[in-house]
Every structure is written in structure tokens, then in C-alpha cells.
Amino acid sequence: MIQAVDRAVRILMVLQGARRMSLGEVAAELELAPSTVHGIIRTLLGHGMVAQERDSGRYRLGPATLRLGNVYLHTLELRSRVVGWAEDLARRTGCAVRAGVLLQGDVVVVHHEPSPDGSRQMPEVGIVIPAHACALGKVLLAGGGTELGPELGARPLRSMTADTVTDPARLRAELDVVRRTGIATEAEEAVIGECGIAAPLVDASGEVPGALGLVVPASRWPLDAAATEAVRTAARSISRELGAPAWPPAVRELPAASA
């Protein structure tokens, strides 16, 4: 691994989620000297990957990251397969639909189909949710992704609400159920008043590159059987288009918890 590139990527990751940070805050977050961070940030500024606010001097992600993100979304086969099915799923269930992929312990939403109830809703493509706190993330973790280590270690997990599962052992038990059933759920673990259900999207290699799910108001939770089956049907159909040999994916052992 090239150290300078690794540090540049880590700076971009620290600034994700619309964060605006001072040089000192970035350096402290990465446990690096401010002089080291300053040089890398100046380079990222030159390429438009980072921007600096004139009034505060704080740094945030730059416009070039949006351009790269849009290129990624346009070339993501999974997202192109999801679009039509997500619209139908939202219409059938009356719920908003999300599709997401795993990135270093978080879920990144790559497609969002708003609820068809006519209410004003913010676009959610690009939002980041801790994987252990949402149904999409539990599906991806259970699918045996390559980024399981930090999420399933011995340390308590980040709490988003009073209902977030923060005990690694309890999370592992939940993932065992997800692997057997092909369905993950969460009730107000990431956002108060919001629940979720999700199912895996399986590709031709039998891996789980993404997940599809519903965003359900707490007033409608638990979800009725027809809506749950609609999620299964959509995920199974998208997986078939991706060339999946089977759905749900074959059960595999999760990595052992780290000490």
C-alpha cells in the first residue's frame, strides 16, 4: 500500500457525510501531524477533490468527488438493474425503496425510489448509514463481504438510537438468522420513527454486492406479509438478471470475531 495515497483516501473518508472540518480536526481524526495532512489536502484541493470554505477555512469534499460518484453510479450494473424493480416495489408497498452497497463498515445508498404517497422527500442517493444499524447493512454483512472485520470485532458498535444493536455477539446472532432466511429487519435502529426490511442482491459469482430494501414508517411496523414477499420477489428477480445461480445466496460461515 502506498502511504500517501492511503492517507489521501482516509482524508476523503473523514470528510464524507457533508462534514466540514478544520485542518487540526482532520489531523486529530487520522492521528497524523497537521503538517502531513496539510500537504495532502493542498494536493486534493488542486484536483477539486477537496474544497475550502472562504469564511471559516474549513475543508469539505470538493466537486470532483461528485463527478466520480456519478460516473460510478452510471457504470454500476446493479443500480441499472434495480431502477425498474424499485419503482414497482414502491408502488406495490407504498414505501420508499433503497438499494445500497457496503463500503468500509457503512452502507452507501446507490438508488432511492421515494414513497409514492406524494409527500416531499429528500433524495437519498449517496447517504451513508452504519451497516450494523440498518437492514441493508445487515444483509450485506451477512452476505460475507470482505469488510466484516471492524463491524464484528469485540468492541461495542456505534449507537445511533436507543434501539441500535451495539453488542457484536447479538449482531452475529442476527446475521445468522439473516443468512438462513434471506431477510433482514431493523426497527428504529438508525433513525427514530423509521424501520426497514431488506433482502440480498446476488450476482453471477454467488456473492452479495448489494441489497434492496424498504423504508417503513414506525406506524406501519411490523410490515405485513404481502409487502415482505414483494421485497423477496424483487430481490430474487434482480438477482436473476444479474446471473445469480441461486437466491437467497448459499449459507457461508462468518469470520470469527477478533480479540
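Here, the structure is the one placed above.
These notes cover the structure that comes with them.

Topic: the pairing of strand β8 (residues 210-217)
With 7 of 8 residues buried, β8 lies mostly within the body of the structure. In this sheet, β8 lies alongside strand β3 (residues 96-103) in antiparallel orientation, the contact comprising 5 bridges. Residue pairing in the sheet places Gly100 in a bridge with Ala211 of β8. Judged from the 8 bridges that link them, strand β7 (residues 194-201) and β8 form a sheet pairing that is antiparallel. Within β8, the position partnered with Cys195 by the bridge is Val216.

Some details on the pattern of salt bridges
The final tally for this structure, using the stated rule, is 14 salt bridges. For Glu241, the salt bridge goes to Arg81, with nearest N and O atoms at 4.0 Å. With Glu241 in helix α8 (residues 225-241) and Arg81 in helix α5 (residues 77-93), the pair connects residues that are 160 residues apart, well separated along the chain. Linking Arg92 and Asp88 is a salt bridge whose minimum nitrogen-to-oxygen distance equals 2.8 Å.

Conventions used here
- Residues numbered from 1 in each chain as written.
- Predicted model: local features only at pLDDT ≥ 70, side-chain atom pairs only at ≥ 80, totals over all residues.
- Heavy atoms only, no water.
- Buried < 20%, exposed > 50% of the residue type's maximum accessible area, 1.4 Å probe, protein only.
- Helix = DSSP H or I, 4+ residues; strand = E, 2+ residues; numbered from the N terminus.
- Pairing = 2+ DSSP bridges.
- Salt bridge = Lys/Arg side-chain N within 4 Å of Asp/Glu carboxyl O.

This is a description of form; function is not addressed.
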